[in-house]
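A structural walkthrough
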Amino acid sequence: MIGLISATAAGAAARDRLAAAWPDRTRVYEGPVGDAVRTAFAQCEQLVCFLATGAVVRLVAPLLSGKTEDPGVVCVDEGGRFAVSLLGGHAGGANELAREVGDLLGAEPVVTTATDAVDLAGLDTLGLPVEGDVAGVSRALLDGEAVALRAEVAWPLPPLPVTDQGSYTIRVTDRLVEAAEREVVLRPPTLVVGVGASKGAPVEEVLGLVEDALRGAGLSVASVAELATVDAKAEEPGIVEAARRIGVPLVTYSAEELAGVDVPNPSDAPLAAVGTPSVAEAAALVGGGELLVPKRKSAASPAMATCAVVRRPGRGRLAVVGLGPGARDLLTPRAKAELRRASVLVGLDQYVDQIRDLVRPGTRILESGLGAEEERAHTAVEEARKGQAVALIGSGDAGVYAMASPALAEASDDIDVVGVPGVTAALAAGAILGAPLGHDHVSISLSDLHTPWEVIERRVRAAAEADLVVTFYNPRSRGRDWQLPKALGILAEHRTPATPVGVVRNASRPDESSRLTTLGALDPATVDMMTVVTVGNTATRDIAGRMVTPRGYRWQSAQEGSE
């Protein structure tokens with residue numbers, strides 16, 4: 001919960017804007033400011049104070065207990081110009097909160113954390129348990145000293161300026177080890193613990209068994225990703241509470257699923273009880289991986305719990321990112337976050353140039369020219385299979401005539417894939433023209449490089465007969481100058497020459513141009529590959545110089561009847 005505190009009318013107005021925008025995330029604290037800050041500090045994970053930073057410093061100073069315990073605190077000035085991350089920038093999430101508040105209120109986020117100031121990923125912001133000399137290793141990274149990366153298990157990390165050898169070390173491991181001097185230990189969630197239990201098994205027995213099994217194998221409980229069991233034990237109190245105390249989800253599988261998993265130690269007892277010859281080993285092995293601890297029983301007599309431990313291989317991550325039509329303010333926040341998260345960026349060279357300033361230092365950039373779509377898709381998937389965090393970029397929406405299709409056609413279930421939507425060229429052009437896509441519409445690419453013209457022509461004819469608004473992508477190039485006239489001719493068989501047509505070139509970019517013409521007047525020679533052509537249906541009208549397709553034909557009939 002985010003506590004909101006203000007002292008003046010102007011602060012209260014900005015406070016109320018946040019409260020209205022985030023009703024489920026915020027709580028307003030009224031009354032004397034000192035009392036409000038003290039109460040919110042004790043009750044909330046984060047605070048936004050619409051007060052001077054000096055006042056907030058004096059109020060929170062007596063309340064501080066430690067870097068990992070204190071809430072994140074953001075201050076917003078009286079004029080709403082700045083959102084200052086004052087306390088808990090990383091651990092308390094104040095840096096990211098300052099950016100969110102800034103986006104919402106139109107304020108400039110002020111972040112002074114050293115790593116953020118130079119756009120370096122903070123070791124305590126990676127979402128992984130971290131131990132050791134975080135401050136010392138971070139300082140070494142900032143100073144450009146040699147920091148070695150020792151990845152004992154594969155895990156996708158953001159870009160870090162690391163080397164093979166150095167006097168400082170970042171160690172990525174799920175082993176039960178102490179951080180050495182000048183070392184940070186990152187613990188990725190690679191371990192799955194399968195658990196079986198008799199009815200009424202005490203939580204102490206279940207939890208003790210899990211902890212003993214991990215300790216005996218030299219594994220850290222901080223790297224446990226989940227506890228897994230059979231559906232029949234989904235509400236077994238001892239298992240449920242053990243997962244809660246470890247702080248991981250409890251995942252369950254049907255007996256049929258578990259019975260299909262090949263295990264080294266099947267047993268008749270669970271088969272008779274819940275319908276599968278293995279619970280602990282099978283539940284841990286469902287997703288594959290290396291069995292580090294075979295099934296073992298608790299030390300109690302009689303034993304009421306069993307467990308097994310599996311290390312699942314680190315999965316690479318492929319984010320397929322749509323950059324939008326070109327304008328920076330049409331690039332979504334989610335896309336920006338994925339670009340900053342990626343350690344490898346793959347894309348067309350001209351698209352890479354658009355966002356090069358947004359990627360973090362140390363990001364490996366793999367760029368290529370036009371016509372290498374399949375090569376880029378293959379490269380991105382292969383880098384993800386190596387355990388990297390990869391961003392594959394495309395213009396508009398990456399799933400619309402862009403990189404998502406070839407990449408996902410090649411990707412299998414051995415990597416995680418995230419799709420990041422973007423504003424398409426059709427949508428950007430539509431917004432410029434007015435409302436041409438107000439009713440049913442279709443997008444068709446006129447490029448026959450990947451699709452036979454016979455197929456394209458059949459689709460254009462079907463759209464014409466169905467009276468759909470049509471947006472043409474890739475309408476004309478130097479080597480393809482006859483396809484657009486042919487497509488327009490097909491549409492003209494079903495629409496009048498007065499049908500509105502919108503032509504937009506470089507939508508949202510500095511050299512954007514647009515014009516509204518008609519099906520009969522459009523000169524295809526004025527169109528190129530940077531242009532989107534939108535042809536209206538029989539209901540589309542030119543209204544005050546804007547291209548408008550009514551939401552329904554009844555509305556259009558009423559409009560005509562009133563003229």
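Here, the structure is the one placed above.
Throughout what follows, the structure given in this document is the object of discussion. (Residues numbered from 1 in each chain as written. Predicted model: local features only at pLDDT ≥ 70, side-chain atom pairs only at ≥ 80, totals over all residues. Heavy atoms only, no water.)

**As for the overall build of the protein**
Put simply, the rule is: Strands are runs of DSSP state E lasting at least 2 residues, helices are runs of H or I lasting at least 4, and numbering of each runs from the N terminus. Summary of the burial criterion: residues with accessible area below 20% of their type's maximum are buried, those above 50% are exposed, and those between are partly exposed, where the area comes from a 1.4 Å probe applied to protein chains only. Note on definitions: a residue-residue contact is assigned when non-hydrogen atoms from the two residues lie within 4.5 Å. Only the protein chains shown count as cover for residues, and all accessible areas are computed by the Shrake-Rupley method using a 1.4 Å probe. The positive count covers Lys and Arg only, the negative count covers Asp and Glu only, and His and the chain ends enter neither. To locate a charge, the coordinates of NZ of Lys, CZ of Arg, CG of Asp or CD of Glu are taken.
Broken down by element type, the protein carries 19 helices and 28 strands. Taking the principal axes of the C-alpha coordinates as reference, the protein spans close to 90 × 65 × 55 Å. The buried share of the protein, taken over its 563 residues, is 47%. Counting contacts in the protein only where the partners sit at least 6 residues apart, residues at least 24 apart contribute 63% of the total. Accessible surface computed for the protein: about 26000 Å², of which carbon and sulfur atoms make up 51%. Counting 53 positive and 72 negative side-chain charges, the protein places the averaged centre of each group 1 Å from the other.

**A look at the nonpolar core**
The cut-off we apply is this: The set of buried Ala, Val, Leu, Ile, Met, Phe, Trp, Tyr and Cys residues whose side-chain atoms join them within 4.5 Å is what this entry labels a nonpolar core.
In this structure, Val-193, Val-195, Val-210, Leu-214, Val-224, Leu-227 and Val-309 are the most contacted members of the largest nonpolar core, which totals 24 residues. Breaking this core down by element, the ones donating at least two residues are strand E11 (191-197), helix H7 (203-216), strand E12 (224-230), helix H8 (237-246) and strand E15 (305-311). Take this core: its biggest share by element is 7 residues, from H7. Contacts of Leu-227, omitting those with residues within four sequence positions, involve Val-193, Val-195, Ile-239, Ala-242, Ala-243, Ile-246, Val-248, Pro-249, Leu-250 and Val-251. If you look at the next biggest cluster of nonpolar residues, it comprises 21 residues, including Ala-463, Leu-491, Val-503 and Val-527.

**Some remarks on the sheet that holds strand E1 (residues 2-6)**
In any sheet, the strands associate via hydrogen bonds between backbone groups, in a parallel or an antiparallel arrangement. Worth spelling out the cut-off: In short, DSSP must find at least two bridges between two strands for them to pair. The convention used is that axes are lines fitted to C-alpha atoms, helices contributing only their stretch in contact, and that angles between N-to-C directions extend from 0 to 180 degrees.
Strand order in the open sheet formed by 6 strands is E2-E1-E3-E4-E5-E6, and the pairing between neighbours is mixed. Where the open sheet ends on each side, the last strands, each with one partner, are strand E2 (26-28) and strand E6 (108-110). Each strand axis lies, on average, 25° off the axis of its neighbour in the sheet, ignoring direction. Alignment of E1 against strand E3 (residues 46-50), held across 5 bridges, turns out to be parallel. Within E3, the position partnered with Gly-3 by the bridge is Leu-47. Contacts from helix H1 (residues 9-21) reach E1, E2 and E3 within the one sheet, and its direction differs from that of E1 by about 160°. Helix-sheet contacts for helix H2 (residues 33-43) involve E1, E2, E3, strand E4 (72-76) and strand E5 (82-87), and the interaxial angle to E1 is about 175°.

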